[in-house]
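Tertiary structure, described
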Amino acid sequence: MDQHPSVAAVQAVARAAASEELSRAVGLEPAAALRQRCEEALAALAGGGAHGGDPRPQLEALYALAKQGVGVAGSPPPAQEENSAESGWNSGALAAEAAANSLAALACGFDDCSSAGATAAALELLEALSLDLDRLAGCLFGGLCRLGARGRKGLDPQEARLLRALQGICVWTLAALGRTVGYARLSPRLLWEWAAGDAAWALVLAKGALATTLEDLADLQVPPGEDDGDFVVPADIRDLQRAVLPAVLGLAAPAVAFGLEEEALAAQDEREASIQQRTARLVRHRAELAVGALSCGMQEVLVPAAAQAGPASGPALASFLECVLQPELAEEPSWASSSAAAAAVAAEARRAGKALAERLRDLNQVIWRLLGEAAASQPLPPGFLQDCASLAEGVAPTFAELRVFLEGCLARGAHEPQQLSLLCILAANAGVEPEDSAARALAVALGELPAEARQAVGQRWGRWRGALHAPQLQPWAAALGQGPPAPAAPKPAPALPASPPELGAAAASPLAPPWLLLPGPAAQPGCVLGPLAREAPPEFCCPLDGQLMMDPVSTPDGHVFDRAALANALDLGSGVCPFTGQALSLEQCARQPELRKRIQVWVRGRRAEGARGKPRLASAVTGPG
């Protein structure tokens, strides 16, 4: 009989559990409990039942292993001897690898869930697993964001090992979800429900999986699906990536923002929420996605992943970016005047969009090259030109990429007045005039229009409700032989709400990133990552980025930072302390194991206090979106 696909992963966990290194890292009792779960899982797998029988006993044993593996990785370190702080930190990578492999064992067990009953049982286990994974949220966030931001070449071997293990946790978590429901049904709604409606948590999980494809697979020395000594890589990794990417790009859709409430409201004769309230809620949802992307650096992985996927992903990327940037909020919307809360939402979303647009400008060539390829290789999908025209206001293409985009659109037959009007708005938002070489093809197309069609192009500008650099549109009006577009009536801008006091020192620090100055959203029931930095004691947060410290270190001057965040600052600051301006190296900074333990104890206690309900995965699988 063929060996069950979960066996290799369980054996990898067993090897880690039997090592002295793991016992030193997590303590004797947790390591012994993990060994016991491995023995129980191997016994269940050897007992059969997955091939023709009831797979539930095996799945329950594999879930118990995964629960213990995740618990081991998320446990506070035991009391360390003074000289063992470094070895204790290094052993954390082994604990993360054990967690990744325990999740791999469970995901491989879901391969046999072909019957409706087995699928239902698997979904129940996944719902319970989502709660178990909450304890790793802070660790995954800190590790993937801070270590990933430095790039592989800037990491020492243990940091690189830890980063790969954390990515493995994300990969196998989403693989378990995708294998249970089928990758074709790994929808934005399902990802959102799994992440408890927490934008940062959903994006962190997705980033870990997408980054694995972009960075790690090229360095593997064994075929995918085999144990490479660190963690088992799924053989269907590329199928997983193809499913995760559109799931992320669909997170800004109204069906995700309103969830199951949308179905209930649609069945009512009168909706309880007003249009203004629902609009504000959608804007807030998209602002949270923008802040989540900023905080975890998602754009650095998402844009290259979309480019790697090819032109077919271009329209979805344009739609997602336009939604989260919300450039139309540059002018105060009418709904924002309905209440002070609505005005605050609009202001928050505006700031979040501007901060994310700044980061995306470093990727504008990649973005617009992909959009140009999409325009040239397929019929223009509905809404694509509108999204691109609005996107150009915040993330403008280079002249070269704009020329390729315009020529591609025109080659695909974009000669109708509505299409040409949108291309003119796109060019205006990019700061390009008809005389510029980048827009020559568009200027020629406009010049060939009959008078009636030219007039129709100008009339459609008056219907545009998106972002617009109006002065830049005047040369295009002149090219059509028309007067300048009528300017919109100016609207008074409301006063921006003050930053909330709970942001504390992070908001006041001149080094704080711009998104930390955003008012934090009201705590949503069940949010995983969102409340951690807002509610953490100030001494648990790094003053450089305002996030929880995963690996606190102290400088000779007594300043405490997260080690990875400090490494980034030292790289950017040419090796000087960001607070004192004096020469500083990581080797001069002592790790703080006791502070790290206090932080992890606080995170676990915070999770117990704010325990959320299980996600409704079955409803998300069958629902729209």
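Within each chain, residues carry numbers counting from 1 in the order of the written sequence. Only residues with pLDDT of at least 70 are given local features in this predicted model, and only at 80 or more are side-chain atom pairs given and counted; all residues enter the totals for whole chains, interfaces and linings. Excluding hydrogens and water, the side-chain values take into account all heavy atoms of the structure.

As annotated in an unreviewed UniProt entry, the protein carries the name U-box domain-containing protein and comes from Alexandrium monilatum.

Observations concerning the overall build of the protein
Secondary structure is summarised from DSSP: a helix means a run of H or I of at least four residues, a strand means a run of E of at least two, and numbering begins at the N terminus for each. Helix and strand counts for the protein stand at 29 helices and 3 strands. For every residue, the accessible area obtained with a 1.4 Å probe (protein chains only) is divided by the maximum for its type, and the residue is called buried under 20%, exposed over 50%, and partly exposed between those limits. Expressed as a percentage of its 625 residues, the buried residues of the protein come to 55%. Here the contacts in the protein between residues at least 6 apart in sequence split such that 76% fall between residues at least 24 apart. All accessibility values rest on the Shrake-Rupley procedure with a 1.4 Å probe; residue burial counts only the protein chains present in the view. Just so you have it, the protein exposes about 25900 Å², and 53% of that area is on carbon and sulfur atoms. Contact definition: two residues touch when any of their heavy atoms are within 4.5 Å.

Digging into the sheet that holds strand 2 (residues 560-562)
At least two bridges found by DSSP between two strands is the condition for calling them paired. Pairing in this open sheet of 3 strands is antiparallel, and the strands run 2-1-3 from one edge to the other. Pairing within the sheet leaves two strands with one partner each, and these edge strands are strand 2 and strand 3 (590-591). Judged from the 3 bridges that link them, strand 1 (residues 552-554) and strand 2 form a sheet pairing that is antiparallel. Bridging across to strand 2, S554 finds its partner in V560.

Overview of the pattern of salt bridges
For this document, the term salt bridge refers to a Lys or Arg side-chain nitrogen within 4 Å of an Asp or Glu carboxyl oxygen. All chains considered together, the criterion is met by 13 salt bridges. In this structure, E332 and R350 form a salt bridge, with 2.4 Å as the shortest nitrogen-oxygen distance. Taken together, the residues E332 in the loop between helix 16 (314-325) and helix 17 (340-360) and R350 in helix 17 connect sequence positions 18 residues apart. Both residues of the pair, E332 and R350, belong to the buried class.

Notes on the side chain of T555
The residue T555 is located in the loop between strand 1 and strand 2 in this model. Ignoring anything within four residues of it in the chain, the contact list for T555 reads F561, L566, L584 and C589.

As for the packing of helix 18 (residues 364-377) against helix 19 (residues 384-394)
Taken N-terminus to C-terminus, the directions of helix 18 and helix 19 make an angle of 160 degrees; their axes are 12 Å apart at the nearest point. Between helix 18 and helix 19, the angle is such that the two are roughly antiparallel. The two elements helix 18 and helix 19 cross, and the hand of that crossing is left-handed. Packed against helix 18, whose contacting residues are I367, W368, L371, A374 and A375, the element helix 19 presents F384, C388, L391 and A392 at the interface. The class makeup of the residues in the contact of helix 18 with helix 19 is 9 nonpolar, no polar and no charged. Fitting a line to C-alpha atoms yields each axis, with helices limited to the stretch in contact; the angle taken between N-to-C directions then spans 0 to 180 degrees. Geometric relationships in this document are graded by angle, where less than 35 degrees denotes roughly parallel, more than 145 denotes roughly antiparallel, 65 to 115 denotes roughly perpendicular, and other angles denote oblique. A crossing counts as left-handed when the near helix is turned anticlockwise from the far one by less than a right angle, and as right-handed when that turn is clockwise. Polar here means any residue other than Ala, Val, Leu, Ile, Met, Phe, Trp, Tyr, Cys and Pro, which are nonpolar, and Asp, Glu, Lys and Arg, which are charged; Gly is therefore polar.

Re the confidence of the model for the protein
Parts of the model with low pLDDT should not have their predicted coordinates read in detail. Confidence of the prediction at every residue is given by pLDDT, a number between 0 and 100. Of the residues in the protein, 77% reach a pLDDT of 70 or more, and the chain-wide mean stands at 81. For the protein, per-element mean pLDDT is lowest for helix 25 (residues 504-508), which scores 34, and highest for helix 16, which scores 97. Considering only residues more than four positions removed or in separate chains, one finds that residues 81-89, a stretch of pLDDT under 50, has 9 contacts. Segment residues 486-525: pLDDT under 50, and 52 contacts once partners within four positions in sequence are set aside and those in other chains are kept.

A few points about the packing of helix 1 (residues 7-17) against helix 3 (residues 28-46)
Running from N to C, helix 1 and helix 3 cross one another at 155 degrees; their axes reach a closest spacing of 9 Å. Our classification of the angle between helix 1 and helix 3 gives roughly antiparallel. Where helix 1 crosses over helix 3, the two elements pack in a sense that is left-handed. Judged by residue contacts, V7, V10, Q11, V13, A14 and A17 of helix 1 engage A31, L34, R35, C38, A41, L42 and L45 from helix 3. Considered class by class, the residues forming the contact of helix 1 with helix 3 number 11 nonpolar, 1 polar and 1 charged.

Regarding the packing of aromatic side chains
In this scheme Phe, Tyr and Trp rings, the latter by its six-membered ring, pair at centre separations within 6.5 Å, and the angle between planes marks the pair as stacked below 30 degrees, edge-to-face above 60, and tilted otherwise. This model, assessed by the stated rule, comprises 4 aromatic pairs. Between F384 and F405 the ring centres are 6.0 Å apart and the planes differ by 45 degrees, which places this aromatic pair in the tilted class. With F384 in helix 19 and F405 in helix 20 (residues 399-411), the pair connects residues that are 21 residues apart, well separated along the chain. The same class applies to F384 and to F405, which are both buried. Feature note: the residues W368, F384 and F405 constitute an aromatic cluster, connected by ring pairs.

Quick look at the environment of D132
Assignment of secondary structure puts D132 in helix 6 (residues 116-133). Among the residues examined, D132 registers a relative accessible area of 3% and is labelled buried. Note: C-alpha distance between D132 and V70 (62 residues apart in sequence) is 7.0 Å. Whenever two N or O atoms come within 3.5 Å, that pair is a polar contact, provided that in protein one can donate a hydrogen and the other can accept it, and provided that, for residues adjacent in sequence, both atoms are side-chain atoms. Here Y63 takes part through its side chain, which lies 2.7 Å from a polar atom of the side chain of D132.

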